[in-house]
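Chain by chain, the residues:
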Number of protein chains: 4
Amino acid sequence: MEVLRTGVIGAGRIGKIHGENIARFIPQSRLEGLADIHLGAEQEAWARGLGARIVSKEPEELLADPAIDAVIICSSTDTHADFIIAAAGAGKQVFCEKPIDLSAAKVRTALEAVKNAGVKLQIGFNRRFDHNFRRIREHTLAGEIGQVQVVKITSRDPAPPSPAYVAASGGIFIDMMIHDFDMARFQAGSEITEVYAAGAVLVDPEIGRAGDIDTAMVTLRFASGAIGVIDNSRKAVYGYDQRVEVFGSRGAALAENDLPNTVKLYTEDAVTGEKPLYFFLERYRQAFVDEMISFTESILHNKSVAVSGEDGLENMYAALAAGKSLKEKRPVLIDEVRV
Amino acid sequence: MEVLRTGVIGAGRIGKIHGENIARFIPQSRLEGLADIHLGAEQEAWARGLGARIVSKEPEELLADPAIDAVIICSSTDTHADFIIAAAGAGKQVFCEKPIDLSAAKVRTALEAVKNAGVKLQIGFNRRFDHNFRRIREHTLAGEIGQVQVVKITSRDPAPPSPAYVAASGGIFIDMMIHDFDMARFQAGSEITEVYAAGAVLVDPEIGRAGDIDTAMVTLRFASGAIGVIDNSRKAVYGYDQRVEVFGSRGAALAENDLPNTVKLYTEDAVTGEKPLYFFLERYRQAFVDEMISFTESILHNKSVAVSGEDGLENMYAALAAGKSLKEKRPVLIDEVRV
Amino acid sequence: MEVLRTGVIGAGRIGKIHGENIARFIPQSRLEGLADIHLGAEQEAWARGLGARIVSKEPEELLADPAIDAVIICSSTDTHADFIIAAAGAGKQVFCEKPIDLSAAKVRTALEAVKNAGVKLQIGFNRRFDHNFRRIREHTLAGEIGQVQVVKITSRDPAPPSPAYVAASGGIFIDMMIHDFDMARFQAGSEITEVYAAGAVLVDPEIGRAGDIDTAMVTLRFASGAIGVIDNSRKAVYGYDQRVEVFGSRGAALAENDLPNTVKLYTEDAVTGEKPLYFFLERYRQAFVDEMISFTESILHNKSVAVSGEDGLENMYAALAAGKSLKEKRPVLIDEVRV
Amino acid sequence: MEVLRTGVIGAGRIGKIHGENIARFIPQSRLEGLADIHLGAEQEAWARGLGARIVSKEPEELLADPAIDAVIICSSTDTHADFIIAAAGAGKQVFCEKPIDLSAAKVRTALEAVKNAGVKLQIGFNRRFDHNFRRIREHTLAGEIGQVQVVKITSRDPAPPSPAYVAASGGIFIDMMIHDFDMARFQAGSEITEVYAAGAVLVDPEIGRAGDIDTAMVTLRFASGAIGVIDNSRKAVYGYDQRVEVFGSRGAALAENDLPNTVKLYTEDAVTGEKPLYFFLERYRQAFVDEMISFTESILHNKSVAVSGEDGLENMYAALAAGKSLKEKRPVLIDEVRV
């Protein structure tokens, strides 16, 4: 196989990003088809413009097409597991956006199907491919940090989602911090064994009324003995705050935010520079490309995927344990929530 | 009173710092006397060279001298409370190094004595006077950060103390993190109400055998509703790591480490700069001067001290609660440890 | 006109960059044709892959095709002027790489042809579109810098070209510093009136034997009264060093280099970060896209181009004056070299 | 000799700095006397407070006192040379503020007297002792920069002096840039052989009417073959801008400005940090101490001084050549102005 022929399921924001990346920036991948149950004229034109052969309201059409090697699942979360199962059953390679499902049991069922079908499954934890965070991991792997002792992650969104979104999101741990659990496991090179979650409603009382929190501080313990902390806020007025720090026996590595430019303005009042890149579309633009290149090469060269379904499941467990910790006001072992 | 006439009790490392600062850098203060029960020739010469009139092995001599307005208690921790009580009884103003005592009950007794005597007591939490951390607080007070939501403190020493020191120290929370509890309360502008401590022995197994930990991550809740986190390590190979971050509804302020110079070296391999200033003597050199100026002015102008005995007690409670949390593996309310 | 149909002349390194940018990143532009007198199979496949309809060894074919609106001239410098004249004669809009020609007289002839034909001509001074340098200019235009008093430009290449290249290049002022003359004029918002050039052969004696210098420091005077300086080196071992500083009556703006990531590594030895992005392909990747978007929109919406043929001519004069200054060891007025 | 007994001549701003530094911060030096022809009560009290034994309106009194080893000349520039000659004649070691004199011939006469008397003379080019600039030099001496090819110095004052001061100052090259000529020679490790000066009156027309310029850009050539540039402005609204860059065959070192603290404030508008330390008293506070320590140790241990009278003379020649270059609009060899 020289080129991976892909079909994208779901033409929302993230589906379009993947579709464009596949069609424009990844020579060894091709956008063969797009399916969206709410397909509209604008989306159809977009897909055709990118060279898609099949444009349909029926995802099954992609699964049934023998000329499609892999599907990229970007539909709503509640459909992820079923599409994974169906795609695996059709012998397709699978890339699925996170989270796989809000139910860990359902995630396990989907992973079973993937395993039985012998196909590959990569989950869309794109931040592992970020140039900054990847560089920290490289330092660790090169031994420059020594034994990892502490992992610290700051992750704040520029603006909170609507209360309606929050109510359906599964909560801050599954909707937002799940990315950070993945980053923590990636940077520690070890599984999370216990979490303790402190949280508060400080940004928007509506979020509290929707049964969620908007500010969270979660302490982590890793199997390696290292400890960690993640802090999330739904609203940083200065933009998307995404920083990681890994501290160890031989050193530490810190990633600062990315800025739109390096200019500093010196005036009578102060020295002023740019705020961080606004949100994930800007900050992780290249990471989205790089995760898809990684997936493509895993298939073409029959290598392990960089972020497996099991990673998705472990991240889910951490999120569930954090929710339990917040509710029960005590540290919770990951083993308590495993199914 | 135009000049504060001070007597220093204890001529160890910190006593010498205060003595020199008083004699050289604070025109409105004078080093009138020094007392150290282990007084040696070198210390005597040092004190005489700074103009001390009384140099003695008997701290009581300083307390009995009517020409001494204030004492600076820099002796070993187990003597602090008794000297405070004696000094207050003698009508002296008191500056005392932290911690006041390892027993909260004894701290309360000392504070009672101070209160009854109507003298002032300032505790040596010097970091409040640091140029960086003070600047963050100014931003908060100016409203530029809005409502404080999250306080994050990183505090790592360049090298661990000896196991013998550790065994007598009262443990990492009282010996080391107590500074950070003070900083957290200072920056939050609110009292800590609950802590959760995770800890590990990752630096030196001897520290573990001495019954302590060397790596700690403590989650804080404040009365204001804000949350916080402090991480401590006994050993950062790159030097003294002292950073503070305050995040709020209108912005955030971050203090980076101080460096010995601003030079960047660009070579074929990398861009290289200096490590942080090595340890507290270098990093907080000016803060030690500024806390003594603040104490001096509080007395001369009859103003409240910047760091009160009650601050010392609250910091102690936080440390005790952290110890209890670590032991009992659960979040602990400060009220549980109050005496 | 909704889409600009372009033909690229010359499929070397820069021709390929423009071709790919047009085909992939600029929806309102289309790669209609490619012509290269040395066209090979690899280049033909590349152009076809990007959707080019005409792929030829005859640039005239592009000029003769009525379905081509604009040509992008990326051939060797000695052919630029003739292609501009031919393209203008054929009524095509023209984008031409810098320099237009090594002879100012020939440049003027080409500009005359463009003027007579009533077409637009944009010259490839891509750095004006750089996110950093553009931001400085925005600060100036917003009045935040006040009256511009000093412009400082540092511009160093990571490795010197071959002596053979140097011998045919027209020399460092025309080959390399011409970009900086353009940047200086752009940032000053004023024409250069006088230059003084100091130079040396410090990098490679072969460059000296080829009749050129490899290290240069050129002082500028602008019509506005501002002064400036540009320093060039053919070899900075740490990579492509591209910095600009504008200083004025109300402030200053400084652009630092771009880095591949923001990670800092703290070790026992030092704090280490990344070197600047290696060379112009990495550093100006987005600027090449943005200059082509700017050209496209100038044509589609009939606006002035951002970098005119006259800009190219003024930059050339500055380069010629610098050469004369170096040779005659005196400041040289731009008027002395105008033709 | 274990302690250097010094007498300060002149109790203006700089005299007071040196007096305080000697009395407070340099244990191996002592302030034995102060003389100021305009001595007032405030100055007398100040000197007595620092322990001065002799406080006089007669500098000759210091020179005549056998218990004074060295004099620190901080009087007005026009008296420097005479005091050097008298002090040397009296066998005193000499530290003299810059410039030695506005006349190079007179400087030479003073240096002759010093040589004949066999005493040491250090000139107050304090910036060589700056922690940042010294660090660059260390990198060069350690071979980390390779052969020095380019030296760039930015030096801007926060506010212009009065036109009256300007008129008596000897002009920007002697009054202000002389520090930068010294820095350039120090960093290049080589003598300046030629300068070209461009200048303008952009800050204050009064300065122009006083016969001076307020903005200058001076190109340097060094005996080593390296080239350099210095830019001066009498007014940077954001404060004292003092930066140095040394570029060579193996790398480059850059010193940024010092800031009062490291805090960054992130708001909805921008990321804001502090302006540079305001002026030379703040920025070079420690450098003033360190130059005096260096002088003291040179005498006590009979070592060469770090900044000699010959350095002062070479700096003067560079300043004179720059003035000539500005006037004659051509590069000027240092040899043209030597006397």
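In what follows, the structure referred to is the one given above.
Residues numbered from 1 in each chain as written. Chains lettered and ligands numbered in written order. Predicted model: local features only at pLDDT ≥ 70, side-chain atom pairs only at ≥ 80, totals over all residues. Heavy atoms only, no water.

Chemist: I tried to follow the interface of chain A and chain C on my own but got confused; where do I start?
Modeler: For interface size, the figure often reported is the accessible area lost on association. Contact residues are listed per partner, giving 28 residues for chain A and 29 residues for chain C. Both sides together, the interface formed by chain A and chain C hides about 2100 Å², and carbon and sulfur atoms give 53% of it. Among the ionic pairs, Glu274 of chain A bridges to Arg135 of chain C, the shortest N-O distance being 2.6 Å. Across the contact surface, chain A and chain C share 13 residue pairs in polar contact (both at pLDDT 80 or more). Among the elements of the structure, helix H1 (13–25), helix H6 (131–141), strand E12 (251–255) and strand E13 (263–267) of chain A are those that each provide at least two residues to the side of chain A that touches chain C. As defined by bridge partners, E12 of chain A adjoins strand E13 (residues 263–267) of chain C across 5 bridges and the pair is classed as antiparallel. Bridging from a neighbouring strand, Gly251 of chain A pairs with Thr267 of chain C of E13 of chain C. (Contact = heavy atoms within 4.5 Å. Buried area = accessible area lost by both parts, 1.4 Å probe. Salt bridge = Lys/Arg side-chain N within 4 Å of Asp/Glu carboxyl O. Polar contact = N/O pair within 3.5 Å; in protein donor to acceptor, adjacent residues only side chain to side chain. Helix = DSSP H or I, 4+ residues; strand = E, 2+ residues; numbered from the N terminus. Pairing = 2+ DSSP bridges.)

Chemist: How do you make sense of the nonpolar core when you look at a structure like this?
Modeler: What tends to happen in soluble globular proteins is that the nonpolar side chains get buried as a cluster. By size, the foremost hydrophobic cluster in this structure holds 100 residues, and its most contacted members are Ile84, Phe173, Phe181 and Leu220 of chain D. Residues contacting Ile84 of chain D, with those up to four places away along its chain left out, are Ile73, Val94, Cys96, Ile100, Ala110, Val114 and Leu121 of chain D. (Core = buried A, V, L, I, M, F, W, Y, C linked by side-chain atoms within 4.5 Å. Buried < 20%, exposed > 50% of the residue type's maximum accessible area, 1.4 Å probe, protein only.)

Chemist: Please clarify how the interface of chain B and chain A should be interpreted in this entry.
Modeler: Tallying the contact residues gives 41 residues for chain B and 41 residues for chain A. Of the roughly 3000 Å² buried at the junction of chain B and chain A (both faces included), carbon and sulfur atoms supply 60%. Of all residues in chain B, Leu202, Met217 and Phe247 of chain B give up the largest surface area on contact with chain A, accounting jointly for 19% of the area buried on that side. Linking chain B with chain A are 6 salt bridges, by the criterion used here. Across the salt bridge formed by Lys152 of chain B and Asp231 of chain A, the nearest N and O atoms sit 2.6 Å from each other.

Chemist: Explain the relation of the copies chain A and chain C here, please?
Modeler: Two copies of the chain are present, and they differ by a rotation about an axis and a shift along that axis. Between chain A and chain C, which share one sequence, the superposing operator has a rotation angle of 180 degrees and an axial displacement of 0.0 Å; the RMSD is 0.0 Å. Here the copies are linked by what is in effect a two-fold axis. Rotation axis and chain A: the residue whose C-alpha lies nearest the axis is Arg24 of chain A, separated from it by 3.0 Å. Taken as a fraction of all interface residues of chain A, those also at the interface in chain C reach 100%, which identifies the copy contact as same-surface. (Least-squares fit on C-alpha atoms with pLDDT ≥ 70 in both.)

Chemist: Is there a simple way to explain helix H5 (residues 104–117) of chain D in this structure?
Modeler: Every α-helix winds through 3.6 residues per turn, so residues three or four apart in the chain are directed the same way. Residue and element names in this part refer to chain D. Taking 1.5 Å per residue as the helical rise, H5 with its 14 residues ought to reach 20 Å, and the 20 Å between its terminal C-alpha atoms agrees with that figure. Of all the residues in H5, the buried ones are Ala104, Val107, Ala110, Leu111, Ala113 and Val114. For H5, the elements touching its buried residues are helix H4 (77–89), strand E6 (121–123) and helix H13 (309–328). With its phi angle positive at about 70 degrees, Gly118 sits one or two positions after the end of H5. (Expected span 1.5 Å × (residues − 1).)

Chemist: Could you clarify how one ought to interpret the sheet that holds strand E6 (residues 121–123) of chain C in this entry?
Modeler: Within a sheet, each strand pairs with its neighbour through backbone hydrogen bonds, oriented either parallel or antiparallel. Residue and element names in this part refer to chain C. The strand order across the open sheet built from 6 strands is E3-E2-E1-E4-E5-E6, with neighbouring strands paired in parallel fashion. Every other strand in the sheet has two partners, leaving strand E3 (54–56) and E6 as the edge strands with one partner each. Strand after strand, the sheet turns through a mean of 20 degrees between neighbouring axes, direction not considered. Pairing geometry for strand E1 (residues 4–9) and strand E4 (residues 70–73), over 4 bridges, is parallel. For Gly7, the partnering residue across the bridge sits in E4 and is Val71. The strands touched by helix H12 (residues 285–300) within the sheet are E1, strand E2 (29–35), E4, strand E5 (93–96) and E6, with E5 carrying the most contacts at an inclination of about 165 degrees. (Axes fitted to C-alpha atoms, helices over the stretch in contact; angles between N-to-C directions.)

Chemist: Please explain the packing of helix H4 (residues 77–89) of chain B against helix H5 (residues 104–117) of chain B as it appears in this structure.
Modeler: Relative orientation and spacing of two packed helices are given, respectively, by the angle between their axes and the distance between those axes. Residues and elements named next belong to chain B. Two elements in contact, H4 and H5, have axes separated by 8 Å at closest approach and are oriented at 15 degrees. Classified by the angle between their axes, H4 and H5 sit roughly parallel to one another. Seen from above, H4 lies across H5 with left-handed handedness. For the pair formed by H4 and H5, the contact residues are Asp78, Ala81, Asp82, Ile84, Ile85 and Ala88 on the first element and Lys106, Thr109, Ala110, Ala113, Val114 and Ala117 on the second. (Parallel < 35°, antiparallel > 145°, perpendicular 65-115°, else oblique. Left-handed = near helix turned anticlockwise from the far one by under 90°.)

Chemist: Looking at this structure, how should I read H12 of chain C?
Modeler: Residues and elements named next belong to chain C. Compared with an ideal rise of 1.5 Å per residue, which puts 16 residues at 22 Å, H12 spans 23 Å between its outermost C-alpha atoms and is within 8% of the ideal. The buried fraction of H12 amounts to 12 of the 16 residues, a majority that puts the element mostly inside the structure. Taken together, the buried positions of H12 are occupied by Ala287, Phe288, Val289, Asp290, Glu291, Met292, Ser294, Phe295, Thr296, Ser298, Ile299 and Leu300. Just downstream of H12, Asn302 is the residue with a positive phi angle, here 50 degrees.

Chemist: Before we go on, may I ask you to explain the relation of the copies chain B and chain A in this structure?
Modeler: Screw-axis analysis of chain B against chain A gives a translation of 0.0 Å along the axis, an RMSD of 0.0 Å, and a rotation angle of 180 degrees. Same-surface contact between copies: 100% of interface residues of chain B are shared with the interface of chain A.

Chemist: In this structure, what is going on with the pattern of salt bridges? I would like to understand it.
Modeler: Pairing between side chains of opposite charge can happen when their charged atoms approach one another. Counted under the stated rule, the structure contains 128 salt bridges over all chains. With a closest N to O distance of 2.9 Å, Arg5 of chain B and Asp69 of chain B form a salt bridge. Of this pair, Arg5 of chain B sits in strand E1 (residues 4–9) while Asp69 of chain B sits in the loop between helix H3 (59–64) and strand E4 (70–73); the two residues are 64 residues apart in sequence, bridging distant segments of the chain. Look at Arg5 of chain B and you get partly exposed, because its relative accessible area is 25%. Judged by relative accessible area, which is 11%, Asp69 of chain B ranks as buried. Two residues, Asp241 of chain D and Arg156 of chain D, come together in a salt bridge whose shortest N-O distance is 3.3 Å. With Asp241 of chain D in strand E11 (residues 241–248) and Arg156 of chain D in strand E7 (residues 148–156), this pair connects stretches of sequence that are 85 residues apart. Residue class for Arg156 of chain D comes out buried when judged on its relative accessible area of 0%. Each of the salt bridges in this network shares a partner with another, and the network as a whole consists of Lys152 and Glu245 of chain A together with Arg156, Asp231, Asp241 and Arg243 of chain B.

Just distances and angles here, no functional claims.
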